[in-house]
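Here's the letter readout for the chains.
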Amino acid sequence: MGHGYQKFKKNHNFAKVSLRIIMAKKTFPEEATLEEREEIFLFLEDRFGLKRDLFEDYLILRGASTFWLFPKTDHLIQLKKLTPEVVGLLFLRRVSGYLKPTSTFLQRFGQYATKNVILLEAEQLKTLQERQRLEIALDIQPGYVIVRDEDWILGCALYLPGRLYSYFEKKVIKNLLD
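Residues numbered from 1 in each chain as written. Predicted model: local features only at pLDDT ≥ 70, side-chain atom pairs only at ≥ 80, totals over all residues. Heavy atoms only, no water.

Student: What is the right way to read the overall build of the chain from this model?
Tutor: Summing up its helical and strand segments, the chain has six helices and 10 strands in all. The buried share of the chain, taken over its 178 residues, is 36%. Looking at the chain alone, contacts between residues at least 24 apart form 57% of all its contacts between residues at least 6 apart. Accessible surface for the chain amounts to roughly 12,000 Å². Of this, 51% is attributable to carbon and sulfur atoms. (Helix = DSSP H or I, 4+ residues; strand = E, 2+ residues; numbered from the N terminus. Buried < 20%, exposed > 50% of the residue type's maximum accessible area, 1.4 Å probe, protein only. Contact = heavy atoms within 4.5 Å. Areas by Shrake-Rupley, 256 points an atom, 1.4 Å probe, with all protein chains shown as cover.)

And the structure:
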């Protein structure tokens with residue numbers, strides 16, 4: 001253990017307390033399988049109209065329930081020897097068996113979407129910020145949607161019949177309304 005830990009331990013009474021520090025070794029994520037890639041591309045095209053060729057310059061890496069976009073590189077074998085904290089752009093999570101896009105991903109790639117993009121007015125955004133949901137009837141299938149105002153893509157929301165649930169950080173809307 002480092003010197004800082006020894007100083008901390010000296011200044012605190014650990015006579016009756018057992019302290020155990022566990023360091024998890026991080027590894028470079030694996031590439032998504034062909035089946036996972038196909039599922040992802042079908043989801044993005046069916047739900048948002050995002051074409052697979054938009055991602056031809058990226059690898060899709062996977063974790064336990066997450067997927068990242070990572071620029072294709074000839075140095076992948078060398079990179080896999082690293083133990084990074086974060087790799088690429090986290091762009092999808094598997095939530096209750098469904099793929100959920102991250103707001104950051106939608107902010108970067110949502111401009112290419114042709115389906116399920118919801119344009120909200122300032123008053124609707126204010127309600128969404130205050131309540132984390134908005135009563136709204138839309139002529140779309142239930143599922144994740146891209147929320148935007150007239151200028152910006154704000155992120156991901158979940159549309160269920162008659163309701164829109166916010167999945168982006170409160171500060172995103174707050175910055176727009178200030």
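Here the narrative resumes.
Student: Hey, could you run me through the pairing of strand β3 (residues 66–71) in this one?
Tutor: Two faces make up the sheet, and in a regular strand the side chains alternate between them. Within β3, five of the six residues are buried, which leaves the element mostly enclosed by the surrounding structure. Pairing of strand β2 (residues 58–62) with β3 involves five bridges; the strand directions are antiparallel. In the strand pairing of β3, leucine 61 is matched with tryptophan 68. The hairpin turn running from β2 into β3, its antiparallel successor, is three residues long. (Pairing = 2+ DSSP bridges.)

Student: How do you make sense of the packing of aromatic side chains when you look at a structure like this?
Tutor: Tallied over the full model, the rule gives seven aromatic pairs. Ring centres of tyrosine 58 and phenylalanine 109 lie 5.9 Å apart, and the angle between their planes is 80 degrees; on these two criteria the pair is classed as edge-to-face. On the criterion of sequence distance, the pair formed by tyrosine 58 in strand β2 and phenylalanine 109 in helix α4 (residues 103–109) is long-range, its members being 51 residues apart. An aromatic cluster of three or more residues is present, and its members are Phe41, Phe55, Tyr58, Phe91, Phe105 and Phe109. (Phe/Tyr/Trp six-rings, centres within 6.5 Å; stacked < 30°, edge-to-face > 60°.)

Student: For this particular structure, what's the right way to read helix α5 (residues 122–131)?
Tutor: Among the residues making up α5, those that are buried are Leu125, Thr127, Leu128 and Gln129. Where α5 ends, the next residue or the one after it, glutamine 132, has phi of about 65 degrees, a positive value.

Student: Can you help me understand the sheet that holds strand β10 (residues 163–166) in this one?
Tutor: Adjacent strands of a sheet pair through backbone hydrogen bonds, lying either parallel or antiparallel. Pairing in this open sheet of five strands is mixed, and the strands run β6-β8-β9-β10-β7 from one edge to the other. Taken across any chain shown, the strands that pair with only one partner, and hence form the sheet edges, are β6 (117–119) and β7 (133–135). Between one strand axis and the next, the sheet turns through 35 degrees on average, direction left out of account. Relative to β10, β7 is paired through three bridges, and the arrangement is antiparallel. Paired with glutamate 135 across the bridge in β10 is arginine 163. (Axes fitted to C-alpha atoms, helices over the stretch in contact; angles between N-to-C directions.)

Student: Looking at this model, I keep getting lost on the sheet that holds strand β5 (residues 98–101). Mind explaining?
Tutor: The strand order across the open sheet built from five strands is β1-β2-β3-β4-β5, with neighbouring strands paired in antiparallel fashion. In this open sheet, the two strands that pair with only one neighbour each are β1 (30–31) and β5. With four bridges connecting them, strand β4 (residues 89–95) and β5 associate as antiparallel partners. Each bridged residue has a counterpart across the sheet, and for leucine 92 the counterpart in β5 is proline 101. Contacts from helix α2 (residues 34–48) reach β2, β3, β4 and β5 within the one sheet, and its direction differs from that of β2 by about 110 degrees.

Student: Honestly, α2 in this entry has me stumped. Any pointers?
Tutor: Think of an α-helix as 3.6 residues a turn; residues three or four steps apart then line up on the same face. Taking 1.5 Å per residue, 15 residues should reach 21 Å; α2 reaches 21 Å between its end C-alpha atoms and fits that length. Along α2, the residues that are buried comprise Glu36, Ile40, Phe41, Phe43, Leu44, Arg47 and Phe48. Along the axis of α2, the buried positions cluster into a sector of 160 degrees, meaning they face one direction only. For α2, the exposed residues lying more than 90 degrees away from the buried face are Leu34, Glu35 and Asp46. Next to the buried residues of α2 lie β2, β3, β4, β5, α4 and β8 (143–148). Immediately downstream of α2, the backbone of glycine 49 shows phi near 75 degrees, a positive value. (Expected span 1.5 Å × (residues − 1). Arc of directions from axis to C-beta.)

Student: In this structure, what is going on with the pairing of β2? I would like to understand it.
Tutor: Bridge analysis of β1 against β2 gives two bridges, and the strand direction is antiparallel. If you follow glutamate 31 over to β2, its bridge partner there is leucine 61.

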